Amino acid sequence: MSLLTVGTVAFDDIETPSGRAEKVVGGACTYISLAASYFVKPVRVVSVVGDDFPHETLEYLRHRGVDLEGLQIKEGEKSFFWAGRYHKSLNTRDTLDTQLNVLATFDPVLPESYKQSEYLMLGNLTPMVQMQVLEQLTHRPKLVALDTMNFWMDIAMDDLRKVLEKIDVLTINDEEARQLSGEHSLVHAARAIHKMGPKYLIIKKGEHGALLFHRGQIFYAPALPLAEVTDPTGAGDTFAGGFMGYIAKTGDISFENMKRAVVFGSAMASFCVEKFGIERLKGLTPAMIENRVEEFAELVKF
Ligand code: AMP
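Residues numbered from 1 in each chain as written. Predicted model: local features only at pLDDT ≥ 70, side-chain atom pairs only at ≥ 80, totals over all residues. Heavy atoms only, no water.

**A closer look at the site of the ligand**
Working step 1: With respect to spatial proximity, 20 residues lie near the ligand, and among them D12, G27, R93, G234 and D237 are the closest.
Working step 2: Between R93 and the ligand, the recorded distance is 2.9 Å, taken from a side-chain N or O atom to an oxygen atom.
Working step 3: D237 places a side-chain nitrogen or oxygen 2.6 Å from an oxygen atom of the ligand.
Working step 4: Within the complex, 95% of the 510 Å² of free accessible area of the ligand lies under protein.
Working step 5: Contributing elements (two or more residues each) for the shell around the ligand: β2 (10–16), β6 (80–86), α4 (150–155) and α8 (235–250).
Working step 6: Top element by residues in the shell around the ligand is α8. It accounts for three residues.
Working step 7: In terms of residue class, the shell around the ligand is made up of 10 nonpolar, seven polar and three charged. (Near = heavy atom within 4 Å. Polar contact = N/O pair within 3.5 Å; in protein donor to acceptor, adjacent residues only side chain to side chain. Areas by Shrake-Rupley, 256 points an atom, 1.4 Å probe, with all protein chains shown as cover. Helix = DSSP H or I, 4+ residues; strand = E, 2+ residues; numbered from the N terminus. Nonpolar A, V, L, I, M, F, W, Y, C, P; charged D, E, K, R; others polar.)

Printed below as a string of structure tokens:
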């Protein structure tokens with residue numbers, strides 16, 4: 001089974017109540033591919049960085065079985081940069097800066113070997129680039145998921161609406177679901193978003209877990225109550241990587257299996273938030289992931 005993913009590979013400046021971290025490696029695609037690498041090989045990456053991006057990170061991803069043939073490295077240019085500050089509750093954050101840099105002119109080119117990927121995770125970046133990746137595939141994947149954020153709703157809503165018509169699963173947070181649908185109630189928002197294209201909708205609610213909507217059915221998975229959350233950055237992308245990685249590994253796109261995938265995605269996200277950047281996602285083992293999933297099962301068993 002193969003999983004293709006696109007998204008930013010980036011540097012982040014992050015401020016949380018636990019502290020600050022500058023120029024840490026982040027980006028949607030980085031989190032997605034690393035999380036998914038614990039479930040499926042190969043994970044194929046389509047993205048772009050400048051020549052300022054650390055070789056060690058790329059080597060580490062390769063060592064995890066991530067295929068970087070579709071990663072463009074632009075000489076003399078700078079990688080995408082994002083800076084954010086979290087509020088005390090950690091459920092909300094302000095974007096302080098977004099510098100597109102290499103992303104501003106990114107023209108994704110899929111290597112031949114990527115064009116028949118069975119699963120596709122369109123991670124957060126320009127909706128037009130998400131569409132260009134979808135259009136280069138010679139076979140429609142078994143499942144296409146997409147993640148996006150308010151930034152793109154603000155500046156590229158028309159392009160986003162076009163790509164939404166072509167996907168199966170949309171993963172967004174609660175505020176973004178409200179912004180996209182114009183509905184406050186998440187149940188009404190889900191109905192409105194289904195009409196835009198996605199048959200499945202996952203609404204991420206940070207420390208309050210995630211909701212999966214499909215044809216009037218709703219599944220809820222809590223987030224693991226953690227004693228300490230250091231940095232929520234990338235939790236959504238890590239969730240998406242775990243979710244799609246699990247689906248690709250099992251090859252089962254039924255609603256029942258998606259529920260399990262939501263729990264595996266939540267387990268991966270619970271690791272992510274324990275340290276700044278991608279640090280906690282390095283060096284996990286299948287046993288550590290299984291134990292986390294068990295903790296989730298215990299949490300809701302009565
Ligand atoms: P998450 O916390 O899951 O929403 O993802 C955070 C990651 O998204 C960070 O590592 C950022 O580099 C990246 N990011 C921030 N803004 C954008 C954007 N507008 N498009 C794509 N990726 C972004």
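Next comes the rest of the account.
**Some words on the packing of helix α9 (residues 255–272) against helix α10 (residues 286–300)**
Working step 1: Direction vectors running N to C along α9 and α10 enclose 110 degrees, while the axes themselves pass 9 Å from each other. When the interaxial angle is binned, α9 and α10 end up roughly perpendicular. Here the hand of the crossing between α9 and α10 comes out right-handed. For the pair formed by α9 and α10, the contact residues are V263, F264, S266, A267, M268, S270 and F271 on the first element and M288, I289, E290, R292, V293 and F296 on the second.
Working step 2: A breakdown of the residues in the contact of α9 with α10 according to their chemical character gives nine nonpolar, two polar and two charged. (Axes fitted to C-alpha atoms, helices over the stretch in contact; angles between N-to-C directions. Parallel < 35°, antiparallel > 145°, perpendicular 65-115°, else oblique. Left-handed = near helix turned anticlockwise from the far one by under 90°. Contact = heavy atoms within 4.5 Å.)

**Let's talk about the pairing of strand β1 (residues 3–6)**
Working step 1: Here β1 shows no split at all, with L3 and T5 on one side and L4 and V6 on the other all buried.
Working step 2: Here four bridges tie β1 to strand β4 (residues 43–50), and the two strands are oriented parallel to one another. The residue bridging V6 from the neighbouring strand is V46, located in β4.
Working step 3: Pairing of β1 with strand β8 (residues 119–122) involves four bridges; the strand directions are parallel. (Buried < 20%, exposed > 50% of the residue type's maximum accessible area, 1.4 Å probe, protein only. Pairing = 2+ DSSP bridges.)

**Points about the pattern of salt bridges**
Working step 1: In the structure shown here, the tally under the stated rule is 15 salt bridges.
Working step 2: Notably, a salt bridge pairs E15 with R85, separated by 3.3 Å at the nearest N-O pair. Placement of E15 in strand β2 and of R85 in strand β6 is noted, with a sequence separation of 70 residues between them.
Working step 3: As a salt-bridge pair, R20 and E22 come within 3.0 Å of each other at their nearest N and O atoms.
Working step 4: Residues participating in the shared-partner salt-bridge network are E15, R20, E22 and R85. (Salt bridge = Lys/Arg side-chain N within 4 Å of Asp/Glu carboxyl O.)

**Focus on the nonpolar core**
Working step 1: Counting residues in hydrophobic clusters, the biggest one holds 63 residues, and the most contacted among them are F243 and V262.
Working step 2: Among the elements that make up this core, the one with the highest residue count is α9 (11 residues).
Working step 3: With 46 residues, the next largest nonpolar core counts V144, M149, V163 and L170 among its residues. (Core = buried A, V, L, I, M, F, W, Y, C linked by side-chain atoms within 4.5 Å.)

**Comments concerning helix α2 (residues 55–63)**
Working step 1: Considered for burial, the residues of α2 that qualify are T57, L58, Y60 and L61. All buried residues of α2 project into a common sector of 160 degrees when viewed along the axis, lining one side. Pointing more than 90 degrees away from the buried face of α2 are the exposed residues H55, E56 and H63.
Working step 2: Summarising the contacts, the buried residues of α2 are in contact with β3 (19–26), α1 (28–36) and β5 (66–74).
Working step 3: In the segment just after α2, G65 is the residue with positive phi, at about 90 degrees. (Arc of directions from axis to C-beta.)

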